[in-house]
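Here is what each chain is made of, one letter per residue.
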Amino acid sequence: MRVRTAAVAVLLVLTACTTGPSLENRGEVTAPPGDSRHLTIGSAGFTESDLLAQMYAQLLNQAGYRTSFITVANREIYEPALESGQIDVVPEYAATFADWLDAKANGPDAPPVGSPDLATTMKALRRLATPRGLTVLDPGRAVDQNAFAVTAAYARQHHLKTLSDLGASGLQVRLAAGDECVQRPYCEPGLKKVYGIDITGVDPKGVGTTQAKRAVQNGQDQMVLTTTTDATLDQFGLVLLADDKHLQNADYVVPVVNRARAGSERVTKTLGKLNDVLTTADLASMNQQVDSWRRLAQDVARTYLRDKGLVK
């Protein structure tokens, strides 16, 4: 697979004045889906996005497409590039992308449209994406949501399996998280309101950072904010508590494509093959191979797809 790195500089210039298809120009938006033979796959620049982009590219290569790979870490840049066709396919997260498009269309103070319900979230996401010439493909089983972990010893001692268990226990909890946790509804306010957890303070050590996990490991804090695809929890003796009341939004992995260039049934079927096999645990394992074992994302992606019989 060819990788285009010099294209990033061009992309930065071109997207500065790109807004995608006009919402008034419905003819372009509703035109028949295209099927370009050369597709550019975008990554947001972190390990999981790189892995997903590599899997998309390798599946498309197997189906006879030529692919290029480009990394643009800023959504404010890569989303307009996706609208304009400079990027053709990108991995996204349903609720987060829905809220981002909603804020872009309706302003930063627009009420969130992402929710814990996947069907509701996908309906809102597609409603926002379609007028921009984007097609959101079906989600699979893999989801990268915020999650909360405690030490395995702490969970055993207090008989904790879920966040509801922690709320019912009455235990005082100091939470290692990002400093924005004190205001975000999915974090401290939500833990208090939805689960009745007694959060005594937020230790601003970041989301899922080594520093945050060590603070819980050594007992300085009792719980850490991380993600469902965090593959390093075992190294710190940590376990996730189930979000049994669905506080977190439905951030399922979804491919988003430029309809005019990659909206064909062939692309949809090709990328849809990943939905049949990819799980949250699979993503966590692959993240670990890249982040902890220092394997290349393209090699990890290729091995996974071969093991699943999706590429030769």
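Up top is the structure.
Bear in mind that the values here come from a model prediction, so they are computed numbers and not experimental data.

Calculation rules
- Residues numbered from 1 in each chain as written.
- Predicted model: local features only at pLDDT ≥ 70, side-chain atom pairs only at ≥ 80, totals over all residues.
- Heavy atoms only, no water.
- Phe/Tyr/Trp six-rings, centres within 6.5 Å; stacked < 30°, edge-to-face > 60°.
- Helix = DSSP H or I, 4+ residues; strand = E, 2+ residues; numbered from the N terminus.
- Buried < 20%, exposed > 50% of the residue type's maximum accessible area, 1.4 Å probe, protein only.
- Pairing = 2+ DSSP bridges.
- Axes fitted to C-alpha atoms, helices over the stretch in contact; angles between N-to-C directions.
- Contact = heavy atoms within 4.5 Å.
- Parallel < 35°, antiparallel > 145°, perpendicular 65-115°, else oblique.
- Left-handed = near helix turned anticlockwise from the far one by under 90°.
- Right-handed = clockwise from strand over helix to strand, strands pointing away.
- Polar contact = N/O pair within 3.5 Å; in protein donor to acceptor, adjacent residues only side chain to side chain.
- Disulfide = S-S within 2.5 Å.
- Nonpolar A, V, L, I, M, F, W, Y, C, P; charged D, E, K, R; others polar.
- Core = buried A, V, L, I, M, F, W, Y, C linked by side-chain atoms within 4.5 Å.

Attention now goes to the packing of aromatic side chains. Following the criterion strictly, the structure yields two aromatic pairs and no others. Centroid distance Phe 46 to Tyr 93: 6.5 Å. Interplanar angle 25°. Geometry classified as stacked. Within this pair, whereas Phe 46 is found in the loop between strand E2 (38–43) and helix H3 (47–62), its partner Tyr 93 is found in strand E4 (residues 89–93), the two being separated by 47 residues in sequence. Taking the relative accessible area as the measure of exposure, Phe 46 reaches 37% and is therefore partly exposed. Overall, the relative accessible area of 9% leaves Tyr 93 in the buried class. Measuring from ring centre to ring centre gives 6.4 Å for Phe 97 and Trp 100, while their planes differ by 10°; the resulting arrangement is stacked.

Backbone hydrogen bonds hold the strands of a sheet together, and the pairing may be parallel or antiparallel. As summarised here, the arrangement of the five strands in space is E8-E7-E9-E6-E10, forming an open sheet in which the pairing is mixed. In this open sheet, the two strands that pair with only one neighbour each are strand E8 (198–204) and strand E10 (238–241). With strand direction ignored, the average angle separating the axes of adjacent strands in the sheet is 40°. Helix H9 (residues 188–195) rests against strand E6 (146–151), strand E7 (172–177), E8 and strand E9 (223–227) of the sheet, and its axis sits at about 165° to E8.

Each pair of packed helices can be summarised by the angle the axes make with each other and by the distance between the axes. Relative orientation of the contacting elements H3 and helix H12 (residues 265–272) amounts to 125°, with a least axis distance of 9 Å. Relative to H12, the element H3 lies oblique. Remark: the crossing between H3 and H12 carries right-handed chirality. In this structure, H3 uses Tyr 56, Leu 59 and Leu 60 to contact H12, whose residues at the interface are Val 267, Thr 270 and Leu 271.

Right, let's talk about the side chain of Thr 121 for a bit. Among the secondary structure elements, Thr 121 is positioned in helix H6 (residues 118–129). Aside from chain neighbours lying at most four places away, what touches Thr 121 is Ala 94, Ala 95, Ala 98, Gly 114, Ser 115 and Ala 250.

Extensive coverage of E2 is indicated by the burial of five of its six residues. Pairing geometry for E2 and strand E3 (residues 66–71), over six bridges, is parallel. The residue of E3 that forms the bridge with Ile 41 is Phe 69. For the crossover that starts at E2, traverses H3 and ends in the parallel E3, the hand is right-handed.

Bringing the side chain of Ser 36 into the picture now. Counting through the fold element by element, Ser 36 comes out in the loop between helix H2 (26–29) and E2. Taking relative accessible area as the criterion, Ser 36 reaches 18% and is therefore assigned buried. There is a polar contact of 3.1 Å between the side chain of Ser 36 and the backbone oxygen of His 38. Contact partners of Ser 36, with chain neighbours within four places excluded, come to Tyr 65 and Arg 261.

When you line up the elements, Leu 118 lands in helix H6. Taking the C-alpha atoms as reference, Leu 118 lies 8.2 Å from Ala 95; in sequence the two are 23 residues apart. With residues up to four places along the chain from it excluded, the contact list for Leu 118 reads Pro 139, Ala 250 and Tyr 252.

Before going further, it helps to spend a moment on unusual backbone geometry. Phi is positive for His 246, which is not a glycine, with a value near 55°. Position of His 246 relative to the elements: it lies in the loop between E10 and strand E11 (253–258). Despite not being glycine, Arg 294 shows a phi value in the positive range, around 60°. Considering the arrangement of structural elements, one finds Arg 294 in the loop between helix H13 (280–291) and helix H14 (297–307). Classification of Arg 294 by relative accessible area gives exposed; the value is 66%.

Okay, the state of the cysteines next. Taken as a whole and judged by the stated rule, the model has one disulfide. Disulfide partner of Cys 181: Cys 187, at an S-S distance of 1.8 Å. Of note, the bridge from Cys 181 to Cys 187 carries an S-S torsion of about -85° and is left-handed in sense. Of the two residues, Cys 181 and Cys 187, neither departs from the other in class, the shared state being buried.

A few words now on the packing of H13 against H14. Following both chains from N to C, one finds H13 and H14 inclined at 140°, their axes separated by 9 Å at the closest point. Along this stretch, H13 crosses H14, giving a crossing that reads as right-handed. Here Asp 282, Met 286, Gln 289 and Val 290 of H13 come into contact with H14, specifically with Ala 297, Val 300 and Tyr 304. Its residues assigned to classes, the contact of H13 with H14 comprises five nonpolar, one polar and one charged.

Judged by nonpolar contacts, the single largest core of 35 residues is most densely connected at Ile 41, Met 55, Leu 274 and Leu 278. For this core, the elements supplying multiple residues, two or more each, are E2, H3, E4, E11, H12, H13 and H14. By residue number, the principal contributor to this core is H3, which donates eight residues. Excluding its chain neighbours within four sequence positions, the residues that come into contact with Leu 274 are Met 55, Tyr 56, Leu 59, Tyr 304, Leu 305 and Leu 310.

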